[in-house]
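Residues per chain, in single letters:
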Amino acid sequence: MRMKNETYDILKYVAQILLPAIATLYFAVANIWGLPYGEQIVGTITAIDAFLGVCLGISSDNYHKNKNNDNSHNDSSINLML
């Protein structure tokens, strides 16, 4: 599967900034306001974030390996190979 660099950059932002911020916010607010399932929701967000991070890391490694092996291929997409 190939993804555009823009898609990769968006997913990277989601994994590095957005999901951890949402998890932290919900955990803090759930404790203050007594919202339900704080640990379960934060645990789920963290698991999704970890999985996304691993997928993006594998994708990045494959991109750099392919880029080093084929410098003549100038494509603005990234292979997502798991």
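Residues numbered from 1 in each chain as written. Predicted model: local features only at pLDDT ≥ 70, side-chain atom pairs only at ≥ 80, totals over all residues. Heavy atoms only, no water.

A. Representation of unusual backbone geometry within the structure. Of note, Tyr 37 is a non-glycine position whose phi angle comes to about 55°, a positive value. Here Tyr 37 shows up in the loop between helix H1 (5-33) and helix H2 (38-69). In this structure Tyr 37 comes out as exposed when scored by relative accessible area, which is 58%. (Helix = DSSP H or I, 4+ residues; strand = E, 2+ residues; numbered from the N terminus. Buried < 20%, exposed > 50% of the residue type's maximum accessible area, 1.4 Å probe, protein only.)

B. Molecular detail of the environment of Arg 2. Tracing the backbone shows Arg 2 in strand S1 (residues 2-4). Separated by 57 residues in sequence, Arg 2 and Ser 59 have C-alpha atoms that sit 9.4 Å apart.

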